[in-house]
Amino acid sequence: MSTTTRPAESAATAPDEPPARRRRPRAGVLLGAVALLVVAVAVVAVTSAADGRADRSAAVDRPPATATVTRQTLVDRETKNGELGYGTPRARESRLAGTVTWLAPGGATVKRGKALYRIDDEPVVLLYGGLPAYRMLRSGVSGADVKQFEQNLAALGHTGFDVDEDFTSATADAVRDWQEDLGLPETGQVEPARIVYAPGEVRVESHAVEVGDTVGAGKVVLSTTGTARLVTCTLDVEDQRLARKGAEVTITLPDGTRSAGRIDTVETVVQTSAATTGKDAATDTKIEVTITGNDAKALAGYDKAAVDVGLVASERADVLSVPVAALLTLAEGGYGLQIVEETGTRIVAVRTGLFAAGRVEVSGEGVTAGLTVGMPGD
C-alpha cells in the first residue's frame, strides 16, 4: 500500500494529533473469508464421500428385523395323542372245553411251535400264518390252509413230505412226529382247535382266566400283541386325511425326545361305550392308526407311554417361504412383503399358499430365493 509523505514541521509549532481510529475491514476481505469457509466444508464433504461414500442407507427407514426368502419343503403337521406299546391286543378264544392247566406268562414272547396255554394238560400251539385254522386237516384234503400248515411243519424241522396244497400220507407221518413232540395223541390229523395262527411271534399281553378255571368253546383265555414297539393313534373320522399308509410322522416321548416313524396300518374300527342307566350302549366309528418307529432303540425306554404324534396334514415341496410375521396387510387387499435393499425398501404384493410351522408359502413377480424382507415390529 502506497503512502503520501507530508513536509516536516517544527515540534513546537506542530498541533496535537487526534487519537488513532480503528479501521473497519473491507467488504472484499469478508467475502473472501466466507468463500474459504464454503470451500473447506466442500472439501470435508468430498473427503467423506471418497472415504466411506457417506453410507447412503443410513437415511433409509429400515425395519427393526429382517428375514430371508427361502426355498424349501413346507410340511403342515397336526399333533394327536398316541400310545406307545405293542399295538392293539388280540383276544384269543379257546375252541376247546376243559380246565386251564397252564398259561404262558404275561409279557412272555411265544414263538412258532410253542404253547400259548394248555387245556386238560394238552397244548394249544402258535403257528405262523394269516389264514385261520377252520377245518380238520387229514389225508386227501387240499387247499391253501394245507400249504400254510406244511410250511410251519417244515420250519419246525419235520421232513419227508412236499410243501404244497395237498395233505398226503407223507404229511400225515410228519404230523405224527410233530404230535409226539408235543405230547399229543399221534393221530396224523390236525385239529383246528390245537392251533392259533399269527403273522409272527407274539407277546402275551394279559390273561382273561386263571389256571384252574374251566372254559368252554368261545371263552377268551388270553390276549396277545406283536413283539415290535408300536404307537397306536385313534382319530375321529373327520381327521381321516391324516391317516395315509406309509406317511412319515414324528413321535414325541414323555421326556421330550423326538423320533421319526411311519404309518404302518390304517383301520376303521367301531367303539362301543358301556350302557348306562336308562341309556343304551353307544357306538362310534374311529380311525385306528398303527405307527412303526424308524429307530427301535429310541422307543425301547418305555414299556407303555402316552406320546404326541405329529401327523402330516399337507405338504408342499420346493416352494418359496417367509416367516408369517413378515406378511404385510395391504390397504387395497391381500398381502405384501417389504423388500429391503441397499438403496432402500419397497413393497411388493404376494400370493400366499400353505401356512406351516410358522412360515408361509409366497409367490409373486420378482419374489426369489435369497431376498431380504422386513419383519415389522410389534
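Residues numbered from 1 in each chain as written. Predicted model: local features only at pLDDT ≥ 70, side-chain atom pairs only at ≥ 80, totals over all residues. Heavy atoms only, no water.

### Brief notes about the pattern of salt bridges
Working definition: two side chains of opposite charge can pair if their charged atoms are close together. Overall, the coordinates contain 16 salt bridges when judged by the stated rule. Put simply, arginine 241 and glutamate 78 hold a salt bridge, and the shortest N to O gap is 2.4 Å. Taken together, the residues arginine 241 in the loop between strand E12 (230-236) and strand E13 (248-252) and glutamate 78 in strand E2 (residues 70-85) connect sequence positions 163 residues apart. With relative accessibility at 41%, the residue arginine 241 sits in the partly exposed group. A salt bridge links lysine 286 to aspartate 236; its shortest N-O distance comes to 2.4 Å. Here the residue lysine 286 occupies a position in strand E15 (residues 283-293), and aspartate 236 occupies one in strand E12, the gap between them amounting to 50 residues. With a relative accessible area of 15%, lysine 286 lands in the buried category. (Salt bridge = Lys/Arg side-chain N within 4 Å of Asp/Glu carboxyl O. Helix = DSSP H or I, 4+ residues; strand = E, 2+ residues; numbered from the N terminus. Buried < 20%, exposed > 50% of the residue type's maximum accessible area, 1.4 Å probe, protein only.)

### Some words on the nonpolar core
Ranked by size, the top nonpolar core spans 20 residues in total, and within it Leu103, Val110, Leu116, Tyr117 and Leu126 carry the most contacts. For this core, the secondary structure elements donating two or more residues are strand E4 (98-103), strand E6 (115-119), strand E7 (122-128), strand E8 (195-198), strand E9 (202-207) and strand E11 (220-225). Once you skip the residues sitting within four places of it in the chain, leucine 103 turns out to touch Leu116, Tyr117, His207, Val209, Glu210, Val211, Val221 and Leu222. (Core = buried A, V, L, I, M, F, W, Y, C linked by side-chain atoms within 4.5 Å. Contact = heavy atoms within 4.5 Å.)

### Examining the packing of aromatic side chains
Applying the stated criterion across every chain, the model contains 1 aromatic pair. Plain terms: the ring middles of phenylalanine 149 and tryptophan 178 are 5.4 Å apart, the flat faces sit at 75° to each other, and that makes the pair edge-to-face. Taken together, the residues phenylalanine 149 in helix H2 (residues 144-155) and tryptophan 178 in helix H3 (residues 169-182) connect sequence positions 29 residues apart. The same class applies to phenylalanine 149 as to tryptophan 178, namely buried. Seen from the ring of tyrosine 86, arginine 229 lies directly overhead, with NZ or CZ sitting 4.9 Å from the centre. (Phe/Tyr/Trp six-rings, centres within 6.5 Å; stacked < 30°, edge-to-face > 60°. Lys NZ or Arg CZ within 6 Å of the ring centre and 35° of its normal.)

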